Amino acid sequence: MSGFKPPIPLRAWTPEAWAEAAVQDPEGLLSDHAHNEKKATLSALSLVHAFSGEDRIPVLLSRLAEEEANHFRRVLEALQRFGWKLRPDRGSRYAQALMAAKDGRKAGAEPLLDRLLIGSLIEARSCERLWLLEKAARSHASLGGAEWLDFLLELERCEAGHALTYLRIAEERFGDAVPARLDWWLDREAEVVRELPWRSAVH
Ligand SMILES: [Fe+2]
Ligand SMILES: [Fe+2]
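Computed from a prediction, not measured in an experiment: that's the story for all the values here.

Distances from the iron ion (ligand 1) to its protein donors, namely Glu37 (OE), Glu68 (OE), His71 (ND1) and Glu159 (OE), fall within the range 2.1 to 2.3 Å. All donors of the iron ion (ligand 1) come from a single chain, and their spacing in sequence reads E-x30-E-x2-H-x87-E. Here the iron ion (ligand 1) and the iron ion (ligand 2) are spaced 3.6 Å apart, with Glu68 acting as a shared donor. With Glu37 in helix H2 (residues 26-47) and Glu68 in helix H3 (residues 56-82), the pair connects residues that are 31 residues apart, well separated along the chain. Overall, Glu37 belongs to the buried group, its relative accessible area being 2%. For Glu68, a relative accessible area of 0% puts it in the buried group.

What follows concerns the coordination of the iron ion (ligand 2). Ideal geometry at a metal centre gives angles of 109.5 degrees when four donors are arranged tetrahedrally and 90 or 180 degrees when six donors are arranged octahedrally. Coordination of the iron ion (ligand 2) by the protein is provided by Glu68 (OE), Glu123 (OE), Glu123 (OE), Glu159 (OE) and His162 (ND1), with metal-donor distances spanning 1.9 to 2.6 Å. Here the donor residues of the iron ion (ligand 2) are spaced in sequence according to E-x54-E-x35-E-x2-H.

Attention now moves to helix H5 (residues 111-137). For H5, built from 27 residues, the straight-helix expectation of 39 Å at 1.5 Å per residue is met to within 8% by its first-to-last C-alpha distance of 38 Å. Along H5, 23 of the 27 residues are buried, which leaves the element largely enclosed by surrounding structure.

The next point concerns the pattern of salt bridges. For the coordinates displayed, the defined rule picks out 16 salt bridges. Here Asp187 makes a salt bridge to Arg11, at a shortest N to O gap of 2.9 Å. Here Arg11 lies in the segment before helix H1 (16-22) and Asp187 lies in helix H7 (residues 178-195), a separation of 176 residues in the sequence. Looking at Asp187, the relative accessible area reads 33%, which means it is partly exposed. The closest approach of N and O atoms between Asp32 and Arg90, which form a salt bridge, is 3.6 Å. Residue Asp32 is located in helix H2, and its partner Arg90 is located in the loop between H3 and helix H4 (93-103); the two are separated by 58 residues in the primary sequence.

Counting residues in hydrophobic clusters, the biggest one holds 34 residues, and the most contacted among them are Leu116, Leu117 and Trp185. Of all the elements in the fold, those that place two or more residues in this core are H2, H3, H4, H5, helix H6 (146-174) and H7. If one sorts the elements of this core by residue count, H7 sits on top with eight residues. In terms of nonpolar packing, the next biggest core, distinct from the first, is built from 26 residues, Ala22, Leu29, Trp131 and Leu152 among them.

Summarising the element assignment, Ala101 is placed in helix H4. A relative accessible area of 17% means that Ala101 is categorised as buried. Each C-alpha atom of the pair Ala101 and Asp114 lies 9.9 Å from the other, and the pair is 13 residues apart in sequence. If near-sequence neighbours (up to four positions away) are discounted, Ala101 is found in contact with Trp184 and Trp185.

We now examine H4. Those residues of H4 lying buried are Tyr94, Leu98, Ala101 and Lys102. For H4, the angular spread of buried residues about the axis comes to 105 degrees, placing them on one side. The elements touched by buried residues of H4 are H5 and H7.

Criteria and cut-off values
- Residues numbered from 1 in each chain as written.
- Chains lettered and ligands numbered in written order.
- Predicted model: local features only at pLDDT ≥ 70, side-chain atom pairs only at ≥ 80, totals over all residues.
- Heavy atoms only, no water.
- Donors = N, O, S within 2.8 Å, 3.2 Å for Na, K, Ca; no water.
- Helix = DSSP H or I, 4+ residues; strand = E, 2+ residues; numbered from the N terminus.
- Buried < 20%, exposed > 50% of the residue type's maximum accessible area, 1.4 Å probe, protein only.
- Expected span 1.5 Å × (residues − 1).
- Salt bridge = Lys/Arg side-chain N within 4 Å of Asp/Glu carboxyl O.
- Core = buried A, V, L, I, M, F, W, Y, C linked by side-chain atoms within 4.5 Å.
- Contact = heavy atoms within 4.5 Å.
- Arc of directions from axis to C-beta.

Encoded structure:
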């Protein structure tokens with residue numbers, strides 16, 4: 001896709017028509033994204049226990065969780081500002097499909113390595129879709145306004161940083177095992193993106 005460079009080398013692109021469809025239901029989109037930010041906070045925090053006894057990685061994960069919690073608050077505030085409501089969590093079929101691939105993993109795979117790589121992939125995919133949304137939102141008054149566009153850009157930049165943080169943590173813990181497993185996951189993630197129907201959600 002021209003103009004976008006993912007933080008990790010994703011192998012499938014979301015069609016630009018997805019963003020045009022997504023901005024037709026901005027309330028649903030934002031509400032769903034609030035839930036994504038909440039889940040991103042919780043999954044960063046839940047990974048800390050796997051690194052007890054280490055000094056640096058828990059700090060990285062807590063910083064990541066803090067940023068996601070900040071995004072969560074700001075997406076909720078944006079909903080409030082637009083006069084929209086947080087809807088019930090519809091769940092993410094994208095994340096569920098990745099988890100199903102993890103549970104069907106080939107023998108010998110490391111569950112912790114898979115969690116870190118899935119984290120990196122989800123962040124990288126968010127980054128791609130936020131980039132598409134930011135482009136589409138420029139032409140839609142309902143999601144327009146410089147403040148909102150700046151926020152989408154900031155989210156995109158942060159999610160790219162998170163994708164790399166998860167990957168670096170994986171490399172630090174699992175070293176030479178990472179490239180082959182990442183290669184496997186990049187193919188699985190591309191399959192999921194090609195197979196799932198679109199809806200008004202970042203995932
Ligand atoms: Fe975020
Ligand atoms: Fe993130």
